[in-house]
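# Commentary on secondary and tertiary structure
As a plain string of letters, each chain reads:
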Amino acid sequence: MAKYSNEKSCSEIIEELPKARFWDTADIVRWEGFWYIPNFLEPAMSFRSSFTARNDDVLLASSIKTGTTWIKALAYSCIHLHDDEDALAGNNPHFLVPTVEIVLYNIKPFEFDIYDASAPRLIHTHIPYSHLPDSIKSSSSSTKIVYIARNPKDILISMWHFFNSMFKPIPIDKAVDSFCSGFCNYGSFFDHVAEYWIESRKRPEKILFMKYEKLKNSPKVEISKMAEFMGKPLGSEDEVEKIIWRCSLERLKNLEVNKNGRFLTSMSNDNFFRKGEVGDWKNYLTPDMAEKIDKMSRDKLETIGLFL
Ligand code: PAP
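Below or above, wherever it landed, is the structure these notes cover. (Residues numbered from 1 in each chain as written. Predicted model: local features only at pLDDT ≥ 70, side-chain atom pairs only at ≥ 80, totals over all residues. Heavy atoms only, no water.)

## As for the overall build of the protein
We apply this condition: Runs of E in the DSSP output that reach at least two residues are strands. Runs of H or I that reach at least four are helices, and both are numbered from the N terminus. Radius of gyration here uses only the C-alpha atoms, and the compact-globule reference equals 2.2 Å multiplied by the residue count raised to the power 0.38. Using a 1.4 Å probe on the protein chains alone, a residue whose accessible area is under 20% of its type maximum counts as buried, one over 50% counts as exposed, and one in between counts as partly exposed. Whether two residues are in contact is decided by their heavy atoms: any pair within 4.5 Å suffices. In this charge count, Lys and Arg are treated as positive and Asp and Glu as negative; neither His nor the chain ends contribute. Where a charge lies is defined by one atom per residue type, namely NZ (Lys), CZ (Arg), CG (Asp) and CD (Glu).
Check the secondary structure of the protein and you find 15 helices and nine strands. For the protein, whose C-alpha radius of gyration is 19 Å, the value lies close to the compact-globule estimate of 19 Å for 308 residues. Along the longest, intermediate and shortest principal axes, the C-alpha atoms of the protein span 50 × 50 × 40 Å. When the 308 residues of the protein are sorted by exposure, 55% land in the buried category. In the protein, once contacts between residues fewer than 6 apart in sequence are set aside, the share between residues at least 24 apart is 71%. With 40 positive and 43 negative side-chain charges, the protein shows a separation of 2 Å between the mean positions of the two kinds.

Structure (structure tokens):
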């Protein structure tokens, strides 16, 4: 049983936490301000207490449905541009750049261990900033963090499709209520994005804060910025074009591995690729629902200078 402190194991701590339901299906527990599916909380706790960051590590971070799959593909492609083969052609981006709490929960299908110093340490997490290991956050660490954010109304629509295909479907008004009250795996999107945003303003050399919409509108500028930030500057416009094409939704979506492959055992890879549009929420949300989310954005994000 994993120990979190001298007194208690992770599972003993989890047992005592406040509980709620997510998507009418899954139990979630609240730990230090954020809700988690318990299966992912224990790995998050052990990551926090035992991960030793290296200065050349790159951590990708995101709340759910903000463009994680895309940023994984892009970061991987920037780092492995000159490999003989394009690994994305035969592997889902979630396999190439594993999410820490999923790897630690279910290490088997992955080829490497995040603690293995010889592994290519490009890793991802959905864990909020305040729950990251001190070895990553410390001022003496040069580990870089790339965070991706997205318009919350589009996130909600993306979540609605994703979780309705995995769990018992719920109506959209219920999904809006749950999104706004923060009863989601990894907690409130607004609190998650606010923590990374505030930290990125304090330490821009440490955290690159990216936006899905800017990546869609100016991919060349944004990808070049990200590559440079990760210490892998791109040499020419052709290289940037190659990465844009390799990671495009149209290409990834139509690869055999993403049409018919599975991620772990429970999820088909095609669930990660849908429309990838900016403003798709207009096709689903009533004005009242949109206003409810906009009000959250005004109160929680625009007051700290973040406009999504
Ligand atoms: P995750 O949190 O489960 O990993 P994530 O990848 O963050 O999901 O979000 C999925 C969204 O990114 C989907 O958006 P949609 O539902 O609005 O369509 C998906 O289509 C989009 N997406 C996935 N891959 C790409 C890509 N290569 N380019 C642009 N958007 C993408």
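## Overview of the sheet that holds strand β4 (residues 58-62)
What counts is decided by this rule: Note: two strands are recorded as paired if DSSP finds a minimum of 2 bridges between them. Axis definition: a line fitted to C-alpha atoms, limited for helices to the stretch in contact. Angles are taken between N-to-C directions and run from 0 to 180 degrees.
Read across the sheet, four strands follow the order β5-β4-β6-β7 without closing on themselves; strand pairing throughout is parallel. Whereas interior strands pair on both sides, the edge strands pair on one side only; in this sheet they are β5 (122-125) and β7 (207-211). When the angles between neighbouring strand axes are averaged without regard to direction, this sheet yields 20°. Inspection of the sheet shows strand β6 (residues 144-149) paired to β7 by five bridges, in the parallel sense. Residue pairing in the sheet places Y147 in a bridge with F209 of β7. Helix α3 (residues 68-79) contacts β4, β5, β6 and β7 of the sheet and is inclined by roughly 170° relative to β5. In the packing of helix α11 (residues 219-229) onto the sheet, contacts are made with β6 and β7, and the angle to β7 comes to roughly 165°.

## Let's talk about the site of the ligand
The following threshold applies: Being near a molecule or strand, for a residue, comes down to having at least one heavy atom within 4 Å of it. N or O atoms within 3.5 Å of each other form a polar contact, as long as, within protein, one can give a hydrogen and the other can take it, and as long as residues adjacent in sequence are counted only when both atoms are side-chain atoms. Every accessible area reported is derived by Shrake-Rupley at a probe size of 1.4 Å, with residue values counting cover from the shown protein chains alone. Just so you know the grouping, Ala, Val, Leu, Ile, Met, Phe, Trp, Tyr, Cys and Pro go in nonpolar, Asp, Glu, Lys and Arg go in charged, and all remaining residues, Gly too, go in polar.
As a structural note, the neighbourhood of the ligand is formed by 21 residues, with K65, T68, T69, S158 and G276 the closest of them. Within the backbone of G67, a nitrogen or oxygen atom sits 2.9 Å from an oxygen atom of the ligand. If the ligand stood free it would expose 640 Å²; the protein chains cover 97% of that surface. Mapped by element, the contributors of at least two residues to the shell around the ligand are α3 and α13 (249-253). Looking at the shell around the ligand, the element that brings in the most residues is α3, giving three residues. Counted by class, the shell around the ligand contains eight nonpolar, nine polar and four charged residues.

## Digging into empty space enclosed by the protein
Test applied: Cavities and pockets were defined on a 1 Å grid built over protein atoms only: a cavity is a set of grid points that admits a 1.4 Å probe from which the probe cannot escape, a pocket is an open set flanked by protein on both sides within 12 Å along at least five of seven lines, and lining residues are those with an atom within 4 Å of any such point. Grid points are joined across faces, edges and corners, and a volume is the space filled by probe spheres set on the points.
Enumeration according to the criterion identifies three cavities of 30 Å³ or more in this entry. Considering only enclosed or pocket space, the largest cavity measures out at about 50 Å³ in volume. Contributing to the lining of the largest cavity are S63, I64, I155, M159, F179, G182, C184, G187, S188 and F189. Looking at the lining of the largest cavity, its residues break down into six nonpolar, four polar and no charged.

## A short note on the packing of helix α7 (residues 152-166) against helix α8 (residues 172-181)
Rule in force here: Throughout this description, any angle smaller than 35 degrees is read as roughly parallel, any larger than 145 degrees as roughly antiparallel, any in the 65 to 115 degree range as roughly perpendicular, and the remainder as oblique. Each helix crossing is assigned a hand: it is left-handed if the near helix lies turned anticlockwise from the far helix by less than a right angle, otherwise right-handed if that turn is clockwise.
At a closest axis distance of 10 Å, the pairing of α7 and α8 adopts a crossing angle of 125°. Judged on the interaxial angle alone, α8 and α7 are oblique. For the element pair α7 and α8, the recorded crossing hand is right-handed. Seen from α7, the contacting residues are P152, I155, L156, I157, M159 and W160; seen from α8, they are I172, A175, V176 and F179.

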